[in-house]
Amino acid sequence: MVRYAVLGSGSNGNSYVFSDGVTSVLIDQGYSGVELQRRLASIDLDLSSVAALCITHLHPDHSKGVGVLARKLRIPIYLHSAMVEKEPVAFAKLGIPEECVSLVEPLREFSVGPFALRCFETSHDSGGSVGWHVIYDDMTLMVLTDTGTYTDQHLQLARSSKILFLEANYDEKMLHGGPYPYYLKQRISGLYGHLSNDQAMQFLQESEFNGEHVYFIHLSGTNNKPSLLSDMAHEKVKIPFTVCEKGRCYGGSMEKS
Ligand SMILES: [Zn+2]
Ligand SMILES: [Zn+2]
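What you see is a predicted model; the values in this text were computed from it and never measured.

### Looking at the environment of Pro106
Of note, Pro106 is situated in the loop between β6 (101-104) and β7 (110-112). Note: C-alpha distance between Pro106 and Cys119 (13 residues apart in sequence) is 5.0 Å. Sequence-distant contacts of Pro106, defined by excluding residues within four places in its chain, comprise His80, Cys119, Phe120 and Glu121.

And the structure:
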């Protein structure tokens, strides 16, 4: 059985965990060490089970706590090599001990305990940004967040996934009628920004995603409303879904079929 959780998503911090009870893998660490431990404990996981950390990109809400964790646990930190090449300053700031840095290439699989992992490129204003596939037995879980657009490759990867963590950052009307300055509205809705609610719905339709559950993640506190997205999804999504409110923890488990 694999257990998984959104430990939190949104601009205040993002982290996901996948565990067989013995070995846990984290994706992103946007929290302080204490806060991460508290969130893991809330779903009965111990920090000492964390065997590796994979990163989507270097924005602080996803990477703020990476260095602290690496120095404390001395575990491998998996990053797309382009992240280090394109964002040398942000990368250096994390302070990851050299021996913990593990550079990976898109779609090249590697394993951590019972998990196989691979990243795939996303379209975001942080160099070398990626999403992740986590494979356990014949079950694949996919994290697609912080991307301004989706590609045929993303659609294909979703088709083979059972659980999908999918960004639904903003409602078009709320963003464009909202308080953000013009440049920020353009950034968020641009090709290197975030997926909107509409784009998330379209993604599900185009990918013909037929897995067990969709978690809508990375909702904006200013430009989105969980109830709005929930109404939209009730109308358009046929499979079970959860709208993850900003900052809150959600989890589940999956058995081999
Ligand atoms: Zn970002
Ligand atoms: Zn983010």
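### Focus: the coordination of the zinc ion (ligand 1)
On the protein side, the zinc ion (ligand 1) has His57 (NE2), His59 (ND1), His124 (NE2) and Asp146 (OD) as donor atoms, found 2.2 to 2.5 Å from it. For the zinc ion (ligand 1), the four donor atoms in the first shell make angles of 90 to 175 degrees at the metal, a pattern classed as irregular. We note that the donor set of the zinc ion (ligand 1) lies within a single chain, spaced as H-x1-H-x64-H-x21-D. Taken as a pair, the zinc ion (ligand 1) and the zinc ion (ligand 2) lie 3.4 Å from each other and share Asp146 as a ligand. Here His124, found in the loop between β8 (115-121) and β9 (130-136), pairs with Asp146, found in the loop between β10 (139-144) and α6 (152-159); they are 22 residues apart in sequence, far enough to count as distant.

### Describing the packing of helix α9 (residues 197-207) against helix α10 (residues 226-236)
Two quantities define a packed helix pair, namely the angle between the helix axes and the distance between the axes. Relative to each other, α9 and α10 sit at 25 degrees, their axes nearing to 11 Å. Here α10 runs roughly parallel to α9, going by the angle between their axes. Note that α9 runs across α10; the crossing there is right-handed. Contacts from Asn197, Asp198 and Met201 in α9 reach Leu228, Leu229, Met232, Ala233 and Lys236 in α10. Its residues assigned to classes, the contact of α9 with α10 shows five nonpolar, one polar and two charged.

### What about the sheet that holds strand β13 (residues 241-243)?
Strand pairing in a sheet takes place through backbone hydrogen bonds and is either antiparallel or parallel in direction. As summarised here, the arrangement of the seven strands in space is β7-β8-β9-β10-β11-β12-β13, forming an open sheet in which the pairing is mixed. Lying at the two open borders of the sheet, with one neighbouring strand each, are β7 and β13. Averaged over all adjacent pairs, the angle separating strand axes in this sheet is 20 degrees, with direction ignored. For β10 and strand β11 (residues 163-167), the ladder comprises four bridges, and the chain directions are parallel.

Calculation notes
- In this numbering scheme, every chain counts its residues from 1 along its sequence in written order.
- Think of it this way: whatever chain is written first is A, whatever ligand is written first is 1, and the rest follow in order.
- Side-chain atom pairs in this predicted model are given and counted only at pLDDT of 80 or more, local residue features only at pLDDT of at least 70, and totals for whole chains, interfaces and linings cover all residues.
- Side-chain metrics in this entry use all non-hydrogen atoms of the structure; hydrogen atoms and water are not considered.
- Only DSSP runs of H or I reaching four residues or more are called helices, and only runs of E reaching two or more are called strands; each is numbered from the N terminus.
- Residues are treated as being in contact if the distance between any of their heavy atoms lies within 4.5 Å.
- The rule for donors is simple: N, O or S, within 2.8 Å of the metal, or within 3.2 Å if the metal is Na, K or Ca. Water isn't counted, so a site may look like it is missing partners.
- Donor angles set the geometry label: tetrahedral for four donors if every angle is between 85 and 135 degrees, square planar for four and octahedral for six if opposite donors exceed 155 degrees and the others are between 65 and 115, irregular for anything else.
- Every angle, taken between N-to-C directions, lies between 0 and 180 degrees, and every axis is a line fitted to C-alpha atoms, over only the stretch in contact when it is a helix.
- In these notes the angle categories are as follows: under 35 degrees is roughly parallel, over 145 is roughly antiparallel, 65 to 115 is roughly perpendicular, and the rest is oblique.
- Here is the rule for handedness: rotate from the far helix to the near one, and if that takes an anticlockwise turn smaller than a right angle the crossing is left-handed, while a clockwise turn gives right-handed.
- In this classification, Asp, Glu, Lys and Arg are treated as charged, Ala, Val, Leu, Ile, Met, Phe, Trp, Tyr, Cys and Pro as nonpolar, and every other residue, Gly included, as polar.
- Paired strands, in this sense, are two strands between which DSSP finds at least two bridges.

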